[in-house]
Amino acid sequence: MKKEVKIVLFVSGKGSNANAVIDFSLKSKAFSVVAIYASSPKSQALLLAKEHGLHNECITDDDLLGRALFERLNDQSISLIVLAGFLRKIPVSFLNGFQGKMINIHPSLLPEHGGAGMYGIRVHEAVIAANEKKSGCTIHYVDQGYDTGAIIAQFSCDVMPDDTPASLAARVLKLEHESLPKTIEQIVTP
Ligand code: GAR
């Protein structure tokens, strides 16, 4: 039976979270991933989408500001837009149409180590510089700020005394891959 809950993924980087969400969706009855929108033509996530036969498209700031993309997603009755490592700011006009239907994953325990310019390895550098004993990831609704929307779920892991930003990033990313698909399932399941 065809799943009725359709989600789309917005990605900027390599798309390992997108991969985890797609893998989960193939086994779950809760939702289908119908498209990947990437902020760069170089994003490996576009290849991932092609491998799975999903709609894939590179989008610009102008696309996010315009009506065409907004209306297309609206017409398709998309239940959730997941920012899975998407580094463009979402304009208010776009956000307003998808209030409560857009979530982001961030690789720290917000509100610590979030905000403008905090993404990828910079986050883990900041966690280690602050001598944190715990880190993890946060899944939250998207609002007009950077990493400031209402928190849906957080998942933590230890920061080891000998961690480098890279080793911590790998541990947190593994946690992201486990937690993002399950959290999406919980959000879309009535
Ligand atoms: C993930 O660690 C995600 O939490 C982070 O970008 C990475 C994307 O990796 N997002 C942010 O830092 C947003 N502030 P991926 O492309 O392999 O999924």
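Look a little higher up for the structure.
The shown structure was predicted, so the numbers you read here are calculated from the model rather than taken from an experiment.

About the cut-offs
Residues numbered from 1 in each chain as written. Predicted model: local features only at pLDDT ≥ 70, side-chain atom pairs only at ≥ 80, totals over all residues. Heavy atoms only, no water. Helix = DSSP H or I, 4+ residues; strand = E, 2+ residues; numbered from the N terminus. Rg over C-alpha atoms; globule rule 2.2 N^0.38 Å. Buried < 20%, exposed > 50% of the residue type's maximum accessible area, 1.4 Å probe, protein only. Contact = heavy atoms within 4.5 Å. Areas by Shrake-Rupley, 256 points an atom, 1.4 Å probe, with all protein chains shown as cover. Disulfide = S-S within 2.5 Å.

Engineer: It is not clear to me how the overall build of the protein should be interpreted in this structure. Could you clarify?
Structural biologist: Counting its regular elements, the protein contains seven helices and seven strands. Each helix and strand of the protein, ordered N terminal to C terminal, gives the series β-α-β-α-β-α-α-β-α-β-α-β-β-α. For 190 residues, the compact-globule estimate of 2.2 N^0.38 gives 16 Å, and the protein sits close to it at 16 Å. Principal-axis analysis of the C-alpha atoms places the extent of the protein at approximately 50 × 35 × 35 Å. In the protein, which comprises 190 residues, the proportion classed as buried is 44%. Taking the contacts inside the protein whose residues are at least 6 apart along the sequence as the reference set, 65% of them involve residues at least 24 apart. Of the roughly 9,600 Å² of accessible surface on the protein, 54% is carried by carbon and sulfur atoms.

Engineer: What should I look at first to understand the environment of Ala 130 in this one?
Structural biologist: Among the structural elements, Ala 130 can be located in the loop between helix H6 (121–129) and strand E6 (134–141). Remark: the alpha-carbon pair of Ala 130 and Glu 112, spanning 18 residues in sequence, is separated by 10.0 Å.

Engineer: Where do I start with the state of the cysteines in this structure?
Structural biologist: Each disulfide is one covalent bond, formed between the sulfur atoms of two cysteines. Evaluated as defined, the whole model comprises zero disulfides. Of all cysteine sulfurs, the one in Cys 137 lies closest to Cys 157, which takes part in no disulfide; the gap is 8.0 Å. Among the residues examined, Cys 157 registers a relative accessible area of 10% and is labelled buried.

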